[in-house]
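Per-entry structural report
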Amino acid sequence: MSGPASAMLEIRGLRHDYAGRTVLAVPAWDVARGDASLVLGPSGSGKTTLLNVIAGLATPTAGTVRVAGADVTRLTPAQRDAYRARNVGLVLQTLHLIGVVSVRENLRLAQHLAGAAIDDRRIDEVLSSLAISGLAGARARDISVGEAQRVAIARAVVNRPALILADEPTSALDDANCEKALALLLEQAAACGATLLVATHDNRIRGRFDRRLEL
Amino acid sequence: MRIARLASAYLASRPLLTALNATMLALGVATITFLLLVTTQAEDRLTRDAKPVDLVVGAKGSPLQLILSTVFHADVPTGNIDLAQAQAIRRNPMIASAIPLALGDSFRGHRIVGTEASYLDLYGAKLAQGALFAGEMEAVVGSEVARRHGLAVGATLTGAHGLAAAGPAHEGHPYRVVGILAPSGTVVDRLVVTPVESVWHVHEEHAPPRPEITALLVRYATPLAAAMLPRAINANTAMQAASPAYESARLLDLAGVGVDTLRWFAVVLMASAALSLFVALTSALQERRYDLALLRTLGARPASLAALTLVEGVTLLVAGVILGLALGHGAAHALGLWLAGAGSWPLTGLVWVDGEAALVATVLATGALTCLVPAVQAYSSDPASLLAKR
């Protein structure tokens, strides 16, 4: 385990209750800066809840979640929105993109909501690194599932986040695409020096990660 | 700015629904705008025509008919009164002026009014060309009459009996046009004006033994006259006195019932439009709840989601209002053109009347309140529970 100085994520005594039932319990878990870790568990084991808590989308019942030293659970709602926009890139299983606008506009929205200036050169750079430059002008609802998954990865990394959280990023994909998406995710996280957390029940990708948290 | 772009992308992604919603709103706005334009202009017109006359003295009968026939020139007279009796009233010290009218004939639907030059002063009508009538069978014509029938100074015209365009003609007694009046925006624009003697001359074959006129248009010298003169005339003479202000108010009241009904109908139309706006926004919200959750994961504040919904609703609203105003004004203008063809009173869609600003403000305020409910829903949606349930 890494020391506190280089820890990107430090979880202590985390518990989340829902409808009188404990849906998530993580006594202690540390993730070092730049690491790629897997959160494993069957459906309903609290994987999504854990990612939501880390992303500042949900407040846990008890415990602390420090991201780069700051306790996310203590932030005000407005601070959490700002923290999430600047530091977290999210990739979700099926919820990829805003369908009514173009791929480029989806990435611009991510930049805009993060409070960053619109940077089309960065967008082009990310799209080309994922080999989907040709999709920039396409309306997001018109592209295929595999393409959308790549665009979702592009959007997660476009702001160079410190933390990339991926929730079941591969379970909607076939074996070939699963392998490709995972490789891209790891590659992109490494390219921007981000810490990567992948929550999944997909056994196909277990072997690609050294560090795991079993829920 | 990006939020506004996103809102317009959502609207553009469902063109049919967007167009239907805007149209529903527009129909309500158009109906009320149309009613406002027509009633305001009709009231203006009635008021302007009735205002210079304090009292009309004419033959007994319906007071409304007396006013319609002698002030608005839209009905047949109640009958004639004895000139000598009328002259007696003229000498009353409470009267500032009394202008005689002799009616009976018309030129292609335009009333020929036998009167004195002071009748034109009553409405501030000025000559555009030629001169005032100086003798029998000379006439000045209103701007509208001249325009519609291409009359110039020196032209002749013959009257026909009654008000209808196709009454029996008085072919043997042509009038000579000696002057054309400038537009005054009053009833005079649609009249042919001539000395009283002309009318007597045209009808001399079947003239009564004593000279008669149709009515006297009276202006009071003192406010006291309003209280005393009508009662005195109605009680003590064979004539009746009627007040144009009172009768036109009565006329507007009668018409007002119909207008009110239509107005309520339009309000119902707008309420249903507001409801459909509400349904559209709420169902859109339901449809894109994952989009909203996604925007939250990207760091969007709840207020931004509320703004997104609000911008979408208000865009629809403004489009509906603009379309509605255009439709209402267009319809009023089309009706005006049609009425002009029929020789009736002028109506235009190219003016902005008083009630419209209040209408627009009311619609926008109500609509914005309507949008507020889904906006609050968007504001308070919880992305985490939606993502966890998926």
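So, how was this worked out
- Residues numbered from 1 in each chain as written.
- Chains lettered and ligands numbered in written order.
- Predicted model: local features only at pLDDT ≥ 70, side-chain atom pairs only at ≥ 80, totals over all residues.
- Heavy atoms only, no water.
- Pairing = 2+ DSSP bridges.
- Helix = DSSP H or I, 4+ residues; strand = E, 2+ residues; numbered from the N terminus.
- Contact = heavy atoms within 4.5 Å.
- Axes fitted to C-alpha atoms, helices over the stretch in contact; angles between N-to-C directions.
- Buried < 20%, exposed > 50% of the residue type's maximum accessible area, 1.4 Å probe, protein only.
- pLDDT = per-residue confidence, 0-100.
- Salt bridge = Lys/Arg side-chain N within 4 Å of Asp/Glu carboxyl O.
- Polar contact = N/O pair within 3.5 Å; in protein donor to acceptor, adjacent residues only side chain to side chain.
- Nonpolar A, V, L, I, M, F, W, Y, C, P; charged D, E, K, R; others polar.
- 1 Å grid on protein atoms, 1.4 Å probe; cavity = no way out; pocket = protein on both sides within 12 Å on 5 of 7 lines; lining within 4 Å.
- Points joined across faces, edges and corners; volume = space filled by probe spheres on them.

Thoughts on the sheet that holds strand 2 (residues 21–32) of chain A
Residues and elements named next belong to chain A. Taken together, four strands build an open sheet; the order of strands is 2-1-4-5 and the sheet is antiparallel. If you trace the sheet from one side to the other, it starts and ends with strand 2 and strand 5 (70–71), each paired once. Pairing geometry for strand 1 (residues 7–18) and strand 2, over ten bridges, is antiparallel. Its bridge partner lying in strand 2, Ile11 is registered against Trp29. In this fold helix 1 (residues 47–55) packs onto strand 1, strand 2 and strand 4 (62–67), with an angle of close to 120° to the strand it touches most, strand 1.

Considering the sheet that holds strand 1 (residues 55–59) of chain B
Strand pairing in a sheet is mediated by backbone hydrogen bonds. Such pairs are either parallel or antiparallel. Residues and elements named next belong to chain B. Across the sheet, which stays open at both edges, the four strands sit in the order 3-13-1-14 with antiparallel pairing between neighbours. Taken across any chain shown, the strands that pair with only one partner, and hence form the sheet edges, are strand 3 (95–101) and strand 14 (239–242). The average angle at which neighbouring strand axes cross in this sheet is 25°, direction not considered. Note: strand 1 against strand 14, four bridges, orientation antiparallel. Considered in strand 14, the bridge of Val56 is made with Ala242. Running over the sheet, helix 8 (residues 224–236) touches strand 1, strand 3, strand 13 (215–220) and strand 14 and is turned about 155° from strand 14.

Description of unusual backbone geometry
A negative phi angle is the norm for most residues apart from glycine, just as the trans form is the norm for most peptide bonds. Residue and element names in this part refer to chain B. Positioned with a positive phi, His73 is a non-glycine residue whose angle comes to about 55°. Here His73 lies in the loop between helix 3 (63–70) and strand 2 (81–82). Given the relative accessible area of 9%, His73 is considered buried. The phi angle at Arg108 is positive, at roughly 45°, despite the residue not being glycine. The topology assignment puts Arg108 in the loop between strand 4 (105–107) and strand 5 (110–115).

Remarks on the confidence of the model for chain A
Residue-level pLDDT values for chain A average 90, and 97% of them are 70 or greater. Mean pLDDT across the elements of chain A bottoms out in strand 9 (residues 211–214) of chain A (87) and peaks in strand 4 of chain A (95).

Let's talk about the interface of chain B and chain A
Contact residues are listed per partner, giving 23 residues for chain B and 29 residues for chain A. Between chain B and chain A we count four salt bridges in total. The residue B:Arg2 makes a salt bridge to A:Glu105 at a minimum N-O spacing of 2.8 Å. For the pair chain B and chain A, the number of links is five residue pairs in polar contact (both at pLDDT 80 or more). Within the residue set of the side of chain B that touches chain A, elements represented by two or more residues are helix 1 (2–13), helix 10 (289–297) and helix 13 (383–389) of chain B. Looking at side-chain class alone, the side of chain B that touches chain A contains 13 nonpolar, three polar and seven charged residues.

Here's the deal with empty space enclosed by the protein
Per the stated rule, a full pass over the model turns up four cavities of 30 Å³ or more. Computed from the structure, the largest cavity encloses a volume of approximately 90 Å³. Every residue along the wall of the largest cavity is listed here: A:Arg84, A:Ala85, A:Val88, A:Gly89, A:Leu90, A:Ala110, A:Arg155, A:Ala156, A:Asn159, A:Pro161, B:Thr297 and B:Leu298. When residues of the lining of the largest cavity are traced back to their parent elements, those giving at least two are helix 2 (77–87), strand 6 (88–92) and helix 5 (145–157) of chain A. At three residues, the largest contribution of residues to the lining of the largest cavity is made by strand 6 of chain A. Considering only residue class, the lining of the largest cavity consists of seven nonpolar, three polar and two charged.

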